[in-house]
Amino acid sequence: MLLIQFLSLVILLHSVSARPGARAKGPALTRLRPSVPHLEHPAEELPVVSRNGTQLPPYDYSYVFQQLVDHNDPSLGTFRQRYWHTYEFYEPGGPIILFMPGEVDASAYYNYLANSTLNGQIAQKFNGAVVILEHRFFGDSNPLPDLSVQSLRLHTVQQAIDDLAYFAQNVDLPMPGGDQLAPGKAPWILTGGSYGGALVSYTMSNQPEVFYAGFASSAVVQAIVDFWGYFEPIRQAMPANCSADMEAVITHVDSVLTSNDSTQINTLKSTFGLQGLAHNDDFAAALQENLLAWQSMQPSDGPGSEFYEFCDTLEVKSGVSAGASGWGLDHALQAWGNYWKSSYYSEICGDDDVETCLGTYDATNPFWSYDYLQNAERSWQWLLCNEFGFYFDGAPETHPTITSRLVTPSWGERQCGYRFPGAFSNISSAVEVPNARGLNTEYRGWNTTTQRLIFANGINDPWREATVAADGSTSMGSDAQPHLLSDGFHCSDLLTREGAASPKVLNVQQTALQYLEKWLSEWTPSA
């Protein structure tokens, strides 16, 4: 116990000393994380009460599990992995629902214990208990005292999979009989969304005897390096006039940036107030930023969302909306530029100069290598640089595009070298970096055959092309592995409120519960 307390103190002191004293000055441009939606905490937390009337700890009360630092070398000991838990709906024989929110500090996601989410709906309907487990190297669940390259060698998809399995097999849950609920003694249902949803699929494929059933929402199971498909669901679903004008502007942008005419290039950048941005691909990447607001949209959103405000800027002139073909290049270019200059730049960059905020070529900027703990962006980028890729870029020449083709995977790969110097120099040339092909081979990506696994997706999810609902996926699903599709966005089906807003999302939620009811009725103890 003294050793554990000492190591915890070392980790705390190191994280404090390594953290920059002020806001880190570095590029605002970054690859958006495919995180599950954040639920606002209620203004007043109501008491949590079990079905027999016992008052339980509040949802935000956290527990600690002693997780293995390295599943390949147990001699390295354990670290403190946080989790949250409630058994308000539990009755003997009910399932244990384990949810990992993925690449975030999980303390902001404790409401995923409640029936405002599908986790709580499952627990309420089938008399279960819910657990939320924090991912290693995020939040306060850190195997090592920093996020250096050496420490992050233990930050892999496989280690995360092994964390889930080891937790289920060894945890003594803080509830009556909590030491008698291991897999085999109780049915465990693994749930997750986005990257956490991918972990559901990967874990059930890699550790088939641990989790009885799974629910994977917007699960990004197919690692893709050249991920131009992120913008394809947006292009397909956004207002036709807005997409037409964006395509026209981007075609013009690419034509000017490849002209080698410095006067034209500077005039173009000045239109957006970005004339101080030295590198053309940084400028091209900056224009992707306006599309990223789409990821936070949900069926329950009313008019006035950030994305539609942007489109209105391009398409509403003197109170009149453009037809399906838009207003054309001249108006759209000036309107988009004015949007940046009037408000958008200050929203994302504050008082930073343009090169500090949007430039990515200064390899000496200490921003790249800040290795303090609770730096979720660095932890996520490590997984992208090593295993997933997911570089946002322009569509192929044969396909319509609303983002510039000057942004290519090499734009992101260069930044990986800045963030993690020396991390990739000693890797065998036979291993691809990022090793998306290896990840898809190991865990089957779109082609997993795991049974009792539900995939749920929204047609409007920008991450759709990395899920089993992708246009390029050939897996159609089955009763043993249902593929459910709604008109939702990213992880809409995890949220009870989105079922209330969309009949199609509600149908996905109800259908998922029907499959789980059938499977749970067939479960028998094996231990």
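That block above? That's the structure.
Quick caveat, the model's predicted, so the values are computed rather than measured. (Residues numbered from 1 in each chain as written. Predicted model: local features only at pLDDT ≥ 70, side-chain atom pairs only at ≥ 80, totals over all residues. Heavy atoms only, no water.)

1. Structural notes on the overall build of the chain
No. 1: In terms of helices and strands, the chain carries 17 helices and 12 strands.
No. 2: A globule of 527 residues ought to have a C-alpha radius of gyration of about 24 Å, and the chain, at 24 Å, matches this closely.
No. 3: Here the analysis covers contacts within the chain between residues at least 6 apart in sequence; of these, 75% occur between residues at least 24 apart.
No. 4: When the accessible area of the chain is evaluated, it comes to approximately 21100 Å², of which 51% is carbon and sulfur surface. (Helix = DSSP H or I, 4+ residues; strand = E, 2+ residues; numbered from the N terminus. Rg over C-alpha atoms; globule rule 2.2 N^0.38 Å. Contact = heavy atoms within 4.5 Å. Areas by Shrake-Rupley, 256 points an atom, 1.4 Å probe, with all protein chains shown as cover.)

2. A look at the environment of Pro366
No. 1: Note that Pro366 resides in the loop between helix H12 (354–358) and helix H13 (376–388).
No. 2: In this structure, the C-alpha to C-alpha distance between Pro366 and Tyr418, residues 52 residues apart in sequence, is 9.5 Å.

3. With respect to the state of the cysteines
No. 1: Taken as a whole and assessed by the stated rule, the structure comprises 3 disulfides.
No. 2: Note that Cys349 is cross-linked by a disulfide to Cys357, the S-S spacing being 2.0 Å. Between Cys349 and Cys357, the S-S torsion sits near -75°, and that sign places the bridge as left-handed. One exposure class covers both Cys349 and Cys357, and it is buried.
No. 3: A disulfide bridge connects Cys385 with Cys416, and the sulfur atoms are separated by 1.9 Å. With the S-S bond torsion at -85°, the cross-link from Cys385 to Cys416 turns out left-handed. (Disulfide = S-S within 2.5 Å. Buried < 20%, exposed > 50% of the residue type's maximum accessible area, 1.4 Å probe, protein only.)

4. A few points about the environment of Ser300
No. 1: With respect to the helices, strands and loops of the structure, Ser300 is situated in the loop between helix H9 (280–286) and helix H10 (306–315).
No. 2: Residue classification places Ser300 among the partly exposed residues on the basis of a relative accessible area of 39%.
No. 3: Between the C-alpha atoms of Ser300 and Ser492, which are 192 residues apart in sequence, the distance is 9.4 Å.
No. 4: Not counting residues up to four positions away in its chain, the partners in contact with Ser300 are Arg497, Glu498 and Ala501.
No. 5: Polar side-chain contacts of Ser300 include one of 2.7 Å to the side chain of Glu498. (Polar contact = N/O pair within 3.5 Å; in protein donor to acceptor, adjacent residues only side chain to side chain.)

5. A short note on a negative patch on the surface
No. 1: Taken together, the side chains of Glu306, Glu309, Asp312 and Glu347 present a region of like negative charge at the surface.
No. 2: Per-element accounting of the negative patch gives the leading share, 3 residues, to H10.
No. 3: For Glu309, the location among the structural elements is in helix H10. (Patch = residues over 30% accessible without salt bridge, like charges linked within 9 Å, V, L, I, M, F, W, Y side chains within 5 Å. Salt bridge = Lys/Arg side-chain N within 4 Å of Asp/Glu carboxyl O. Lys, Arg positive; Asp, Glu negative; His and termini not counted. Charge placed at Lys NZ, Arg CZ, Asp CG, Glu CD.)

6. Remarks on the side chain of Glu465
No. 1: Topologically, Glu465 is positioned in the loop between strand S11 (453–458) and strand S12 (483–486).
No. 2: Here Glu465 falls in the buried class, since its relative accessible area comes to 12%.
No. 3: In this structure the side chain of Glu465 is engaged in a polar contact, spanning 3.1 Å, whose partner is the side chain of Arg464.
No. 4: Residues contacting Glu465, with those up to four places away along its chain left out, are Ile224, Phe227, Gly229, Pro233, Trp446, Ala470, Asp471 and Gly472.

7. Notes on helix H17 (residues 503–522)
Side chains of residues three or four places apart in an α-helix project in the same direction, reflecting 3.6 residues per turn.
No. 1: An ideal rise of 1.5 Å per residue puts 28 Å on 20 residues; H17 measures up with 29 Å between its terminal C-alpha atoms.
No. 2: Inspection of H17 places Val505, Val508, Gln509, Thr511, Ala512, Leu513, Tyr515, Leu516, Trp519 and Leu520 among the buried residues, and these make up the whole buried set. (Expected span 1.5 Å × (residues − 1).)

8. Considerations on helix H14 (residues 409–419)
No. 1: The buried count for H14 comes to 8 of 11 residues, which makes it a mostly enclosed element.
No. 2: The secondary structure elements touched by the buried residues of H14 are H9 and H13.

9. Describing the environment of Asn127
No. 1: Position of Asn127 among the secondary structure elements: in the loop between helix H2 (118–126) and strand S6 (129–133).
No. 2: Asn127 has contacts with Arg51, Phe89, Tyr90, Glu91, Gly94, Pro95 and Ile122, leaving out every residue within four places of it along the chain.
No. 3: Within the structure, Asn127 has its side chain in polar contact with the side chain of Arg51 (distance 2.4 Å).

10. A short note on the nonpolar core
No. 1: By size, the foremost hydrophobic cluster in this structure holds 143 residues, and its most contacted members are Trp188, Tyr202, Trp336, Trp340, Leu358 and Phe388.
No. 2: Considering each element in turn, this core owes the most residues, 8 residues, to helix H11 (residues 329–349).
No. 3: The contacts of Tyr202, once residues within four sequence positions are left out, are Val157, Ile161, Val220, Val221, Gln222, Phe388, Leu439 and Tyr443. (Core = buried A, V, L, I, M, F, W, Y, C linked by side-chain atoms within 4.5 Å.)

11. A look at unusual backbone geometry
No. 1: In this model, Ser194 sits at a positive phi of 65°, which is unusual for a non-glycine residue.
No. 2: By secondary structure assignment, the location of Ser194 is in the loop between strand S7 (188–193) and helix H5 (195–206).
No. 3: A residue is classified by how much of its surface remains accessible, and Ser194, at 0% relative accessible area, is buried.
No. 4: Positive phi, normally seen in glycine, also occurs at Asn260, with a value near 65°.
No. 5: Within the secondary structure layout, Asn260 lies in the loop between helix H7 (240–257) and helix H8 (262–271).

12. Some remarks on the packing of helix H4 (residues 157–170) against H5
No. 1: Where H4 meets H5, the closest approach of the two axes is 10 Å, and the angle between their N-to-C directions is 75°. Viewed along their axes, H4 and H5 adopt a mutual orientation that is roughly perpendicular. Contacts between H4 and H5 pair Val157, Gln158, Ala160, Ile161, Asp162 and Leu164 from the former with Tyr195, Leu199, Tyr202, Thr203 and Asn206 from the latter.
No. 2: For the contact of H4 with H5, the per-class residue count stands at 7 nonpolar, 3 polar and 1 charged. (Axes fitted to C-alpha atoms, helices over the stretch in contact; angles between N-to-C directions. Parallel < 35°, antiparallel > 145°, perpendicular 65-115°, else oblique. Nonpolar A, V, L, I, M, F, W, Y, C, P; charged D, E, K, R; others polar.)

13. Regarding the sheet that holds strand S4 (residues 78–86)
No. 1: Sheet architecture is open: 8 strands sit in the order S3-S4-S6-S5-S7-S8-S11-S12, paired in mixed fashion. Of all the strands in the sheet, just strand S3 (62–68) and S12 have a single pairing partner and so form its edges. When strand polarity is set aside, the average angle formed by the axes of neighbouring strands in this sheet is 25°.
No. 2: Note that S4 and S6 share 4 bridges and pair antiparallel. The residue bridging Tyr83 from the neighbouring strand is Leu133, located in S6.
No. 3: Sheet contacts for H17: S7, strand S8 (213–217), S11 and S12; angle to S12, the most-contacted strand, approximately 160°. (Pairing = 2+ DSSP bridges.)

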